[in-house]
Amino acid sequence: MTTPRNSEVSPWQQTIDLKFIQQIPVYGKVRAELYANVLNFWNLIDHNWGLQEEVPFSYKRAVAGATFNPAGNGGLGSWAYTFNSSTLNTVPTTVNDTPISRWQAQLGVRIRF
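Here we summarise the structure given alongside this text.

1. Quick notes on the pattern of salt bridges
As enumerated under the stated definition, the model contains 2 salt bridges in all. With a shortest N-O distance of 2.8 Å, Arg110 and Glu33 are connected by a salt bridge. Residue Arg110 is located in strand β7 (residues 104–112), and its partner Glu33 is located in strand β2 (residues 30–39); the two are separated by 77 residues in the primary sequence. Owing to a relative accessible area of 39%, Arg110 belongs among the partly exposed residues under this scheme. Looking at Glu33, the relative accessible area reads 5%, which means it is buried. Salt bridges sharing common partners tie together Glu33, Arg110 and Arg112.

Structure representation (structure tokens):
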């Protein structure tokens, strides 16, 4: 059985990023800008919101085991492969990409001339 190309999709994801800027006059044309960036604001409000779930392409599983018999094949050695079907049911269909799913904040000051 084969799966058609592009037949699987990841769940829909919604995030909101906020940026706040306040300019403060310092001297003449010199201004200080205070800023705050909040990435994935939904996740800051509720830890179940703003999660980015995706199909894990980097996920690896052992579907076959291999043993080497050095005396097999007339002393040249031979490999024996066994299919391990029990690992197929343990693969998650989607995972949370935790660095992206977590909210992040950045605070700073910038001086403009």
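Let us keep going from here.
2. What about a nonpolar patch on the surface?
Taken together, the side chains of Ile16, Trp42, Leu44, Ile45, Trp49 and Trp103 make up a nonpolar region of the molecular surface, amounting to roughly 560 Å² of accessible area. Tracing the backbone through its elements, the reader meets Trp49 in the loop between α1 (41–45) and β3 (53–54).

Criteria and cut-off values
Residues numbered from 1 in each chain as written. Predicted model: local features only at pLDDT ≥ 70, side-chain atom pairs only at ≥ 80, totals over all residues. Heavy atoms only, no water. Salt bridge = Lys/Arg side-chain N within 4 Å of Asp/Glu carboxyl O. Helix = DSSP H or I, 4+ residues; strand = E, 2+ residues; numbered from the N terminus. Buried < 20%, exposed > 50% of the residue type's maximum accessible area, 1.4 Å probe, protein only. Patch = residues over 30% accessible without salt bridge, like charges linked within 9 Å, V, L, I, M, F, W, Y side chains within 5 Å. Areas by Shrake-Rupley, 256 points an atom, 1.4 Å probe, with all protein chains shown as cover.

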